[in-house]
Amino acid sequence: MNDYNGVSLSPAPAQDARAVAEALGSCGWDVCLLLQPSAADVNRALSNLENALQTGAKALVFFAGHGGVLNGDNYFIIEGACA
Amino acid sequence: MRSKALSVNEVFAKLSAKASMCCVWADAAREPALAYERSASTAHQKGLLAQNVPSNCLLALSCAPGCLAPSSARAGGADGEATGAFARALLAHALQPGQPLPAALAQAHDQLAQETNGRQTLWVCNTLSSTASAQSDALCLVPLAPAGDGAQFYQSPEDAALEAAAAKDAMSALDAAERAASLPAAAALLAAAVDGPASRVVLPRACLVLGRIAAAMAATSGRTSAEATAGFRALVAACRASQGTTAGARTGALELCLNATWAMSHLLALGGSTSSTRQRQQEAAVAAGCCESALAALRAHGAASASISACACRVVELLCVDSAGSCARVRDQGCIELLLSTAAHHRDGDGPACLASLAALAVLCRDVECRRRAVALGVIAQAVGCCSSACLCGRHALSACEALRLLRVLCQCPGAARAAALHAGALAAAVACLTAHPQEPQLAEQALWVVCLLTSQPSSPQSGDPPTGATATAAQGADVAAVQAVAAALRSHTATAAVQALACRAMRNLTADSRNEAAATQLGFFEGLVESVTHQRAGAEQARSMDARLEVAARRGAAREGGAEEALKAALARHGDGAGSRFVAAAAALALEESSIRA
């Protein structure tokens with residue numbers, strides 16, 4: 001996530017996401033890269049991954065952006081203000 | 001927040017059910033770098049927390065729980081790219097082929113701390129299975145298997161569904177076979193899985209189940225070897241599948257190869273130590289092609305995987321024990337070269353591959369042709385080098401012990417090996433091992449065997465008997481350090497009968513040289529020996545070992561010492577009858593006779 005409510009993070013987390021995606025892809029991983037996704041994009045990608053995942057496979061999720069804690073649980077903040 | 005945020009727990013919940021390893025790398029604890037970022041930040045931006053994760057999952061946080069990564073730490077790399085320190089550290093270590101993820105993250109942690117002067121700490125919440133660490137690629141993001149022909153594994157959704165259904169059925173059947181401890185059932189399921197639609201998933205598990213059943217059978221008195229033939233055939237087929245060229249097979253090649261060779265070793269071990277049952281098991285394994293499979297595994301993965309090397313070497317060892325046919329078979333397929341290469345590659349430390357390759361070489365070197373080839377290929381130098389390494393670092397006693405056992409085999413057998421061992425410094429290596437590892441009785445036993453054999457006359461190498469005649473050239477080659485080491489071994493291992501007996505034999509050989517005799521006298525060896533005889537509380541086994549002591553005592557001490565004579569009489573009274581006492585009685589009588597003649 002590079003941008004929250006029109007405010008860009010500096011430096012851009014997207015650079016990290018691209019670097020990780022390219023590195024994993026070059027090692028033979030199937031990669032799905034989401035840049036500045038909506039919450040719906042993320043949920044759809046996660047469901048697709050869940051369905052496509054084969055028993056015994058390995059899965060990795062990399063998130064670069066802001067995070068937070070609510071009621072003791074960790075969250076990745078996807079879009080906009082965190083209210 | 002929930003509708004615009006993704007719960008980390010939700011990620012794990014969705015992916016961990018099917019994944020063998022599920023990782024989340026969270027670079028989400030960022031300190032707002034600029035004023036307008038800070039204005040946009042909220043109370044939520046206090047970093048992430050450490051949390052429980054489901055089994056076989058890992059959560060890597062970019063900094064310690066509740067902390068924020070400093071914005072300055074996110075400065076770009078040397079190439080000017082604005083890649084963050086966390087991502088740089090992860091990519092530098094986690095994608096190394098064959099690198100287990102926990103170890104990689106430990107290295108990434110160190111790099112991150114160094115780059116940020118300790119202001120950012122990579123934090124890991126981890127439930128990856130510790131048992132998976134035995135399987136070389138289970139914890140690696142990038143397996144060791146070579147890229148090969150570059151073919152990509154593709155599976156259509158229909159094929160994936162078919163595979164999943166078949167795998168489910170096969171796994172259930174395997175569970176049932178394991179519950180019933182049925183070797184034939186497990187072998188049949190393994191054989192069926194080789195060409196089945198779910199072979200990629202089922203084969204490694206089937207090998208594991210078969211191996212576990214065999215191991216359980218070997219641990220009980222009700223072991224059997226009659227049902228093993230089908231198991232060997234299926235395991236050989238599984239090994240072949242692990243060397244397949246399709247990307248699907250290659251993905252799990254190391255895991256499958258490891259499981260298959262591991263199971264093969266347990267199935268072979270079912271033959272036990274009785275020669276007839278062991279021979280039947282060996283014949284079944286050889287007929288099924290286990291020799292070729294083990295060597296192929298060593299050839300393909302010997303350098304890359306210590307676990308596979310260890311299992312394959314163990315298979316070779318079990319196949320070749322007292323079997324000239326197997327020795328010839330594996331020798332002709334380059335086994336000696338492979339074992340030497342494996343031992344050299346995994347030489348540092350007491351790792352299973354090092355120990356197993358040395359043990360297999362020791363078994364093979366009992367065969368005259370194998371021994372000849374091994375000596376020509378430098379097995380003696382390798383074993384001596386292994387001992388020297390263990391002495392230099394003061395550790396690795398297990399590998400030194402195996403190397404000494406190998407030297408013992410080489411010195412025991414008639415032929416040029418003994419002379420070559422002497423020339424290569426095997427005697428000095430054995431003495432150095434005794435000195436460097438004074439508290440290891442098994443190592444002491446093997447080292448003393450080598451000393452005995454190399455200080456005996458070449459005419460009697462089998463027993464390590466003392467030199468006959470006035471001149472003992474071998475004993476003259478040993479220096480005072482050998483005398484000191486042997487005397488120390490006698491003092492250190494009073495509870496180990498074999499070490500006591502061998503130390504006496506070794507000293508008997510060494511003291512054939514007058515300088516060594518003087519050194520032994522100066523060290524008080526003979527007085528200690530007489531005292532040891534006097535206070536011995538021996539059972540039959542120890543009594544057998546005392547003949548050498550009494551002989552030495554008689555020859556060097558008893559004739560000159562009245563107290564020694566009394567000690568011998570006491571020993572004779574204590575061990576003069578009963579099982580195993582005839583050696584003691586004869587030696588003591590001889591000693592007393594000699595004593596009275598001298599008096």
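Predicted model, so just to flag it, every value in this text is computed and none were measured. (Residues numbered from 1 in each chain as written. Chains lettered and ligands numbered in written order. Predicted model: local features only at pLDDT ≥ 70, side-chain atom pairs only at ≥ 80, totals over all residues.)

A word on the overall build of chain B. Along chain B, the regular secondary structure elements total 30 helices and four strands. Sorting the 599 residues of chain B into buried and exposed places 51% on the buried side. The contacts of chain B with a sequence gap of at least 6 include a subset with a gap of at least 24, amounting to 70%. (Helix = DSSP H or I, 4+ residues; strand = E, 2+ residues; numbered from the N terminus. Buried ≥ 20, exposed ≤ 12 C-beta atoms within 10 Å, placed from the backbone. Contact = placed C-beta atoms within 7 Å.)

Moving on: the overall build of chain A. Across its full length, chain A carries two helices and five strands. Taken from N to C terminus, the helices and strands of chain A fall in the order β-β-α-α-β-β-β. Within chain A, buried positions represent 35% of all 83 residues. A separation threshold of at least 6 residues defines the contact pool for chain A, and within that pool the share at least 24 residues apart is 41%.

For the rest of this paragraph, the subject is the environment of Glu-115 of chain B. As for its placement among the helices and strands, Glu-115 of chain B is situated in helix H4 (residues 101-115). The sequence separation of Glu-115 of chain B and Ala-85 of chain B amounts to 30 residues, and the corresponding C-alpha distance is 7.2 Å.

Here we take up the environment of Met-1 of chain A. By secondary structure assignment, the location of Met-1 of chain A is in the segment before strand E1 (3-4). Apart from residues no more than four positions distant in its own chain, Met-1 of chain A is found in contact with Pro-13, Gln-36, Ala-64, Gly-65, His-66 and Ile-78 of chain A.

Counting residues in hydrophobic clusters, the biggest one holds 147 residues, and the most contacted among them are Cys-387, Cys-433, Leu-448, Val-450, Val-451 and Val-486 of chain B. A per-element tally of this core places helix H10 (residues 253-269) of chain B first, with twelve residues. When sequence neighbours within four positions are dropped, the list of residues in contact with Val-451 of chain B reads Leu-427, Ala-430, Val-431, Ala-482, Val-486 and Ala-506 of chain B. Counting 62 residues, the second largest nonpolar core, distinct from the first, contains Val-61 of chain A together with Ala-94, Cys-125 and Ala-138 of chain B. (Core = buried A, V, L, I, M, F, W, Y, C linked by C-beta atoms within 7 Å.)

This part takes up the packing of helix H14 (residues 324-332) of chain B against helix H17 (residues 368-376) of chain B. Residues and elements named next belong to chain B. Taken N-terminus to C-terminus, the directions of H14 and H17 make an angle of 35°; their axes are 9 Å apart at the nearest point. Counting all contacts with H14, which are made through Cys-327, Ala-328 and Arg-331, the residues of H17 involved are Glu-369, Cys-370 and Arg-373. Grouping the amino acids of the contact of H14 with H17 by side-chain chemistry returns three nonpolar, no polar and three charged. (Axes fitted to C-alpha atoms, helices over the stretch in contact; angles between N-to-C directions. Nonpolar A, V, L, I, M, F, W, Y, C, P; charged D, E, K, R; others polar.)

Before going further, it helps to spend a moment on unusual backbone geometry. Residue and element names in this part refer to chain B. Positioned with a positive phi, Asn-56 is a non-glycine residue whose angle comes to about 60°. Relative to the elements of secondary structure, Asn-56 occurs in the loop between helix H2 (35-40) and strand E3 (57-61). On the basis of neighbour counts, which here come to 19 C-beta atoms within 10 Å, the residue Asn-56 falls in the partly exposed class. One non-glycine residue with positive phi stands out, namely Ala-181, at about 50°. Among the structural elements, Ala-181 can be located in the loop between helix H5 (157-179) and helix H6 (183-194).

Of the residues in chain A, 86% have a pLDDT of 70 or more, and the chain-wide mean is 82. The lowest-confidence element of chain A is strand E2 (residues 7-8) of chain A, averaging 66 in pLDDT; the highest-confidence one is strand E3 (residues 58-64) of chain A, averaging 93. (pLDDT = per-residue confidence, 0-100.)

Here we take up the sheet that holds E3 of chain B. Across the sheet, four strands lie side by side as E3(A)-E2(B)-E3(B)-E4(B); this open sheet has mixed pairing. Every other strand in the sheet has two partners, leaving E3 of chain A together with strand E4 (123-126) of chain B as the edge strands with one partner each. Here the average twist between neighbouring strands, direction ignored, is 10°. Note: strand E2 (residues 21-27) of chain B against E3 of chain B, five bridges, orientation parallel. Counterpart to Val-24 of chain B in the pairing with E3 of chain B is Leu-59 of chain B. (Pairing = 2+ DSSP bridges.)

On a regular strand, one side chain projects to one face of the sheet and the next to the other, so that they alternate. Residues and elements named next belong to chain B. Burial within E3 is extensive, with five of its five residues counted as buried. The alternating pattern of E3 places Cys-57, Leu-59 and Leu-61 on one face and Leu-58 and Ala-60 on the opposite face, and all of these are buried. Bridge count between E3 and E4: four bridges; the pairing is antiparallel. Bridged to Leu-59 within E4 is Cys-125.

All right, on to the pairing of E2 of chain B then. By the criterion of burial, E2 of chain B is predominantly enclosed, with seven of the seven residues buried. Neither face of E2 of chain B is left uncovered, since the one carrying Met-21, Cys-23, Trp-25 and Asp-27 of chain B and the one carrying Cys-22, Val-24 and Ala-26 of chain B both have all their residues buried. Of the strand pairs in this sheet, E3 of chain A and E2 of chain B are connected by seven bridges, and their pairing is parallel. Looking across to E2 of chain B, one finds that Leu-60 of chain A is bridged to Cys-23 of chain B.

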